[in-house]
Protein chains: 2
Amino acid sequence: MAVEPSTSERLLTTAADLFRRKGYAQATTRELSDALGIRKASLYHHISTKEDLLYAISMHSLARIAEAAEAAAAQAPAEERLRAVIRAHVVSALGERDMQMVTAIELRALSPERRREVIAERDRYQALVRRLIAADQQAGRLRGDIDSKLLTLSLLNLLNWTIFWFDPDDELSPEQLGETLAAVFVEGATGRA
Amino acid sequence: MAVEPSTSERLLTTAADLFRRKGYAQATTRELSDALGIRKASLYHHISTKEDLLYAISMHSLARIAEAAEAAAAQAPAEERLRAVIRAHVVSALGERDMQMVTAIELRALSPERRREVIAERDRYQALVRRLIAADQQAGRLRGDIDSKLLTLSLLNLLNWTIFWFDPDDELSPEQLGETLAAVFVEGATGRA
DNA sequence: GTCTATATTGTGATAGAC
DNA sequence: GTCTATCACAATATAGAC
């Protein structure tokens, strides 16, 4: 006998799906309550404001990737660490595309204080990746002629847009895409590494 | 004696600045008219709907990059063509960051028909880049073990997010950033090309 | 090409019963 | 935890004078 997920359990994923499709500001609380099968007023038993949902989605998204990356980094030997983190990042991001897309796009809709919090969380992850890259540079595994900050931003560019075009119906799995993006970043489009 | 730009000439850039800061849906016609120094109703002498502005911004942004890239491709010899296009893309995108950011983020706010038009324009540019990459693969200048479509999407990931973190006050110029991103894409983070 | 004034609609959120 | 009913306000867009 399947246990039906409660309203509060469905709240974040349902909101993320709606926000991704319509945009946060264009999505109405009415549409959200309809999707949940409850009345609009009943939403406010679970949240205080619509913005609570965006904030929760954003913090959850960032934590999810950071945790996956940290776990991957802890397990892998130094020589494989960056590639393992790239794969973990891609796989965890693609596993929750709605939330990740909303987080990537709707930052401006948050209040200044919450926006600051989300940015701090994002920067924390960026710093983690930068440390990995700098370590690889010092070990001679990555080129030293480009600043680690710029390499980090390049890598995150590469990884963060994939959620917008990855097609789960494609033959390419998230794991394979992660592997490919790792190859593109590390070896380049030339590929003579 | 400086000629003051007319309201209609300032319309797109002013709207782009506003949409970037607040988001399209959150930005009000009132804020836009205030920024232009006219009354809200006067806007409707220039446009029919607020969406007209977003559509115009999006089409302009895509055309600007495509034109810059096409010009660069036409001028450069085959061996330098891809790098030249990357530089042209980055420089032209960073030269109009407000419009490019709005275009990248607000696609969903367009009506279905206009959204389709904008996507078609974007796909047209993507096809152009893919032809360049495929040609380099066939000439042996780029690796052949990764599909040209995936290499193209990787490259556009790399280029399209830069507008969100490029800092014009940095010591790094758009030209230098373009050069660096070209190096990262072609040679990779390892850099032994 | 800009103005004042207003129509019209839809929004996020609340009060209070069950 | 969900409901009915409603508030208070802000939004896009229009009418018509100057």
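Residues numbered from 1 in each chain as written. Chains lettered and ligands numbered in written order. Predicted model: local features only at pLDDT ≥ 70, side-chain atom pairs only at ≥ 80, totals over all residues. Heavy atoms only, no water.

1. Brief notes about the environment of Ser154 of chain B
Selection rule: Secondary structure elements are taken from DSSP: a helix is a run of H or I of four residues or more, a strand is a run of E of two residues or more, and numbering for both begins at the N terminus. The classification of residues rests on relative accessible area computed with a 1.4 Å probe and restricted to protein chains. Under 20% of the type maximum is buried, over 50% is exposed, and intermediate values are partly exposed. Any two residues having at least one pair of non-hydrogen atoms within 4.5 Å are treated as being in contact.
Note on placement: Ser154 of chain B falls in helix 7 (residues 148-160). For Ser154 of chain B, a relative accessible area of 1% gives the class buried. Apart from the residues within four sequence positions on either side, Ser154 of chain B is in contact with Leu158, Leu181 and Val184 of chain A together with Phe185 of chain B.

2. What to know about the protein's contact with DNA strand C
The cut-off we apply is this: Being near a molecule or strand, for a residue, comes down to having at least one heavy atom within 4 Å of it. For this analysis, a polar contact is any N or O atom pair within 3.5 Å, provided that within protein one partner can donate a hydrogen and the other can accept it, and provided that sequence-adjacent residues contribute only side-chain to side-chain pairs. Polar here means any residue other than Ala, Val, Leu, Ile, Met, Phe, Trp, Tyr, Cys and Pro, which are nonpolar, and Asp, Glu, Lys and Arg, which are charged; Gly is therefore polar.
The environment of DNA strand C is made up of 15 residues, and the closest members are Thr29 and Lys40 of chain A together with Arg39, Ser42 and His46 of chain B. If you look at DNA strand C and keep only atoms within 4 Å of the protein, 61% of those are sugar or phosphate atoms. Here Lys40 of chain A contributes a side-chain N or O atom positioned 2.7 Å from a base nitrogen of DNA strand C. Residue classes in the surface near DNA strand C are distributed as 5 nonpolar, 7 polar and 3 charged.

3. Examining the interface of chain B and chain A
Selection criterion: Summed over both partners, the accessible area (1.4 Å probe) lost when two parts come together is defined as the buried area. Within this document, salt bridges are pairs made up of a side-chain nitrogen of Lys or Arg and a carboxyl oxygen of Asp or Glu, the two lying within 4 Å of each other.
Across the contact, 43 residues belong to chain B and 43 residues belong to chain A. Overall, the association of chain B and chain A removes approximately 3,600 Å² of surface from exposure, summing both partners, and the carbon and sulfur fraction of that is 57%. Seen at the junction of chain B and chain A, the total is 4 salt bridges. We note a salt bridge from Arg143 of chain B to Glu187 of chain A, for which the minimum N-O separation is 2.8 Å. Remark: the boundary between chain B and chain A carries 22 residue pairs in polar contact (both at pLDDT 80 or more). Elements with a contribution of two residues or more to the side of chain B that touches chain A: helix 1 (7-22), helix 5 (97-105), helix 7, helix 8 (162-165) and helix 9 (174-187) of chain B. Classifying every residue of the side of chain B that touches chain A gives 24 nonpolar, 11 polar and 8 charged.

Everything listed here is a matter of coordinates, which is why it stays silent on function.
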